[in-house]
Amino acid sequence: MGVGDPVMLFNGRDGEWRAEVIEAGKRGGALGCVARTRDQGAPPDLWLMFAPIRKQRTDIIVEKAVELGVARIRPVLTEFTRAERWRADKQRAHAIEAAEQCGITWVPQVDDSARLSALLDNWDADRRILFCDESLLGAASSLAGLPRGPWAVLIGPEGGFSDAERERLRALPVAHPVSLGPRILRAETAAIAALTLWQSALGDW
Ligand code: SAM
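Note that the coordinates shown come from a computational prediction; the quantities given were computed from them, not determined experimentally.

Help me understand the packing of aromatic side chains, please; the structure alone is not making it clear to me.
Centre-to-centre distance and the angle between the planes together describe a pair of aromatic rings. All chains considered together, the criterion is met by three aromatic pairs. Ring centres of W47 and W123 lie 5.8 Å apart, and the angle between their planes is 80°; on these two criteria the pair is classed as edge-to-face. With W47 in strand 4 (residues 46–50) and W123 in the loop between helix 3 (116–121) and strand 8 (128–132), this residue pair connects regions lying 76 residues apart in the sequence. This pair shows no difference in class: W47 is buried, exactly as W123 is. Geometrically, the ring pair formed by F131 and F161 is edge-to-face, given 5.1 Å between the ring centres and 80° between the ring planes. One end of the pair, F131, is in strand 8; the other, F161, is in the loop between strand 9 (151–155) and helix 4 (163–171), and 30 residues separate them in sequence.

I keep staring at the pairing of strand 9 and nothing clicks. Help me out?
The two faces of the sheet receive side chains in turn, since in a regular strand these alternate between them. With five of five residues buried, strand 9 is to be regarded as a mostly interior element. In strand 9, alternate side chains face the same way, and those of W151, V153 and I155 on one face and A152 and L154 on the other are all buried. Taken together, the five bridges between strand 4 and strand 9 define a ladder with parallel strand orientation. Bridge pairing in strand 9 places L48 opposite V153. Here four bridges tie strand 8 to strand 9, and the two strands are oriented parallel to one another. Looking at strand 9, one finds that L130 is bridged to V153.

How should I be thinking about the site of the ligand in this particular structure?
Every one of the 19 residues lining the ligand counts as a neighbour, but C132, E134, E158, L180 and R183 are closest to it. Within the contact set of the ligand, an oxygen atom lies 2.7 Å away from a backbone nitrogen or oxygen of C132. Measuring from an oxygen atom of the ligand, one finds a side-chain N or O atom of E134 at 2.7 Å. Protein coverage of the free-state accessible area of the ligand, which is 580 Å², stands at 84%. When grouped by side-chain class, the residues that make up the shell around the ligand number 10 nonpolar, five polar and four charged.

Help me understand the pairing of strand 8, please; the structure alone is not making it clear to me.
With respect to burial, strand 8 is a largely interior element, four of its five residues being buried. Taken together, the four bridges between strand 8 and strand 10 (residues 175–178) define a ladder with parallel strand orientation. Looking at the pairing, C132 lines up with V178 of strand 10.

Sorry, what's going on with the pattern of salt bridges here?
Should the charged atoms of two oppositely charged side chains come close, the side chains can pair. For the structure shown, the criterion picks out 17 salt bridges. K55 is the partner of D59 in a salt bridge, and the nearest nitrogen-oxygen pair spans 2.7 Å. With D59 and K55 both in helix 1 (residues 55–67) and four residues apart, this pair spans about one turn of that helix. Note that R74 and D111 form a salt bridge whose closest N and O atoms lie 2.8 Å from each other. One end of the pair, R74, is in strand 5 (residues 72–77); the other, D111, is in the loop between strand 6 (109–110) and strand 7 (114–115), and 37 residues separate them in sequence. The same class applies to R74 and to D111, which are both buried. When salt bridges with common partners are traced through the structure, they connect D133, E134, D163, R166 and R170 into a single cluster.

Conventions we followed
- Residues numbered from 1 in each chain as written.
- Predicted model: local features only at pLDDT ≥ 70, side-chain atom pairs only at ≥ 80, totals over all residues.
- Heavy atoms only, no water.
- Phe/Tyr/Trp six-rings, centres within 6.5 Å; stacked < 30°, edge-to-face > 60°.
- Helix = DSSP H or I, 4+ residues; strand = E, 2+ residues; numbered from the N terminus.
- Buried < 20%, exposed > 50% of the residue type's maximum accessible area, 1.4 Å probe, protein only.
- Pairing = 2+ DSSP bridges.
- Near = heavy atom within 4 Å.
- Polar contact = N/O pair within 3.5 Å; in protein donor to acceptor, adjacent residues only side chain to side chain.
- Areas by Shrake-Rupley, 256 points an atom, 1.4 Å probe, with all protein chains shown as cover.
- Nonpolar A, V, L, I, M, F, W, Y, C, P; charged D, E, K, R; others polar.
- Salt bridge = Lys/Arg side-chain N within 4 Å of Asp/Glu carboxyl O.

Below you can see the structure in the form of structure tokens.
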């Protein structure tokens, strides 16, 4: 880009700005803000917790979670998680790209991976969990009547949840087990379906 070229900027705090290049060097440059074009937006208080899978499929989950409006992305290691290493730095860059692409003014927080059991040990009693439980395959599920507020969608790995994990989750008063229909979905499809379901019933759609 050269001096005078227009650029749109956001930093997650001050809305969106129209700017222009005021210096363009080989090693760096400078942008000058011209006018604020949009107020700062914010997503609903929704987290996506999912067990990382193969890289390309994990990339899809992160990208679609940003597009579908989550506030935080929390990879969880479950008993049957068999994934390549979770690269939080790469996924943060990926989330920024997705945010730019879909024209939002924030970037969801992208966490390092953590054990599901450890997260549940310290779980905030105000945050409900939409527990996508493949063992409920085909059961009727509805989000009607559930309260708005802080939520987390939980998706398991390719191998599903272990019996012990399922039992623990079902015993949590904040967990709401749901079926995502009569077919087993791949984890990335399940994440997209569950976020869509939640957004249309309890989110900002
Ligand atoms: N290996 C498991 C099996 O055959 O039962 C399937 C695991 S599925 C590929 C990965 C995750 O997607 C599950 O742990 C669950 O969270 C979610 N999922 C997929 N299909 C679902 C469905 N029909 N209902 C609820 N959750 C589903």
